[in-house]
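Residues per chain are reported as follows:
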Amino acid sequence: MPHAARPTVTLHDVAAAAGVSVSTASRVLSGSTRKVAPEYEARVLAAAKALRYTADAAARAMRRAGDSIALVADDLTTPSMGMVVAAMEREASTAGAFVTVSATMGDAERQAETVRVLRSLRPRALVVTSNRYLTNAPGDRLAEELLSYRRDGGRAVIFGDTDLPFDTIDFDNHRIGRTAGEYVASLGHRRVAILAGTTAMHNLAGRTAGCVAGLTVGGVRERDILIVPCPVSRDGGYAAARELAAAGMDGREAVLAVNDTIAIGALSGFRDAGVDVPGEVSVTGVDDIPLARDVTPPLTTVALPLAEAGAQAIRFALAGPGPIRHLRLTGHLTPRSTTRPRP
């Protein structure tokens, strides 16, 4: 059953909890130039934090529909997210809006606190990207903050997988991984490693499962598929490739990486270990970031419509009221020079 909504906290509640007048609490929380004694200011701020107070003015201001769209993202350092954000900014500018960006590194509490603070800044809409599955489970702070934001008149869009009742943009990660797996199997490779990143990231776990499905459909025995967890970074891919090379590859003829950044690190790791790509091992990625075309040899990958996804998220955010919309995108195989048929 859905859990009960958290009662709205008012300025009067904060004042009562702090043991001060409403006018004193208002001066502290509104940033008034009228001075308040430090001890009263500290009590008001502590009470507001404990009660998770968001200024009532937020609801009124959101109905005036400001110009900002607040993006709450996991990690802004990845090339794929950079492409998404650039597309968001372009799309917002055509509508006379602008995008503000906050990074949370995927931490659940930080996500919730960021949304709580942004609500008080009265953005026109929120776009939340997350690599974890966002759920409407009882006690989930992020869900509570987003639902409160909507009750106050705000619009939210989830860029990722969720059961929350908001517009969503998502990638069919299982199908994307399956595309890579089927292709590698079609080349005749029968002993394969998957550089899987971390299972804590819902999107990468989906890609890994899809890779396994595609490989097995193509004739690879599941016992001949090695799943290698690694940090989701260039260095993570590099280290994983060096470890595979140091172990003599164990007959592995292909490596599927769940994103291009890991794959590009793996290319460097194999090169430094003296393993020829694609002569000794085929390598694939996912995303089709710009660097995938420029590395040597150019990377085979499953290209994702990252710019389209970012632009569509802004269109959803700026749209008027209506039924909840869900858009699930997939990718297409882009063969390049890091793969070749098994001799």
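Given the structure is predicted, the values throughout are model-derived calculations rather than measurements. (Residues numbered from 1 in each chain as written. Predicted model: local features only at pLDDT ≥ 70, side-chain atom pairs only at ≥ 80, totals over all residues. Heavy atoms only, no water.)

**Some words on the sheet that holds strand β9 (residues 282-287)**
In spatial order, the strands read β7-β6-β8-β9-β10-β12; together these six strands make up an open sheet with mixed pairing. Each edge of the open sheet is held by one strand with a lone partner, namely β7 (225-229) and β12 (332-334). Each neighbouring strand pair of the sheet contributes to a mean axis angle of 20 degrees, computed without reference to strand direction. Bridge analysis of strand β10 (residues 300-303) against β12 gives three bridges, and the strand direction is antiparallel. Along β12, the bridge assignment pairs Thr301 with Thr334. Sheet strands touched by helix α10 (residues 234-246): β6 (192-197), β7 and β8 (254-257). Its angle to β6, the strand with the most contacts, is close to 150 degrees. (Pairing = 2+ DSSP bridges. Helix = DSSP H or I, 4+ residues; strand = E, 2+ residues; numbered from the N terminus. Axes fitted to C-alpha atoms, helices over the stretch in contact; angles between N-to-C directions. Contact = heavy atoms within 4.5 Å.)

**As for helix α1 (residues 11-18)**
Side chains of residues three or four places apart in an α-helix project in the same direction, reflecting 3.6 residues per turn. Within the span of α1, buried status applies to Leu11, Val14, Ala15 and Ala18. Axial view of α1: buried residues confined to an arc of 100 degrees, hence all on one face. Residues of α1 that are exposed and point over 90 degrees away from its buried face: His12, Ala16 and Ala17. Downstream of α1 by a residue or two, Gly19 has a phi angle that is positive, lying close to 70 degrees. (Buried < 20%, exposed > 50% of the residue type's maximum accessible area, 1.4 Å probe, protein only. Arc of directions from axis to C-beta.)

**Comments concerning the packing of aromatic side chains**
A complete count under the given rule lists one aromatic pair for this structure. Residues Phe159 and Phe171 carry aromatic rings whose centres are separated by 6.3 Å and whose planes lie at 70 degrees to one another, so their mutual orientation is edge-to-face. Within this pair, whereas Phe159 is found in strand β4 (residues 155-159), its partner Phe171 is found in strand β5 (residues 167-171), the two being separated by 12 residues in sequence. Phe171 carries the same exposure label as Phe159, and that label is buried. The lysine or arginine in question, Arg150, covers the ring of Phe166, its NZ or CZ lying 5.3 Å from the ring centre. Lying over the aromatic face of Phe316, Arg325 brings its terminal NZ or CZ to 4.8 Å of the ring centre. (Phe/Tyr/Trp six-rings, centres within 6.5 Å; stacked < 30°, edge-to-face > 60°. Lys NZ or Arg CZ within 6 Å of the ring centre and 35° of its normal.)

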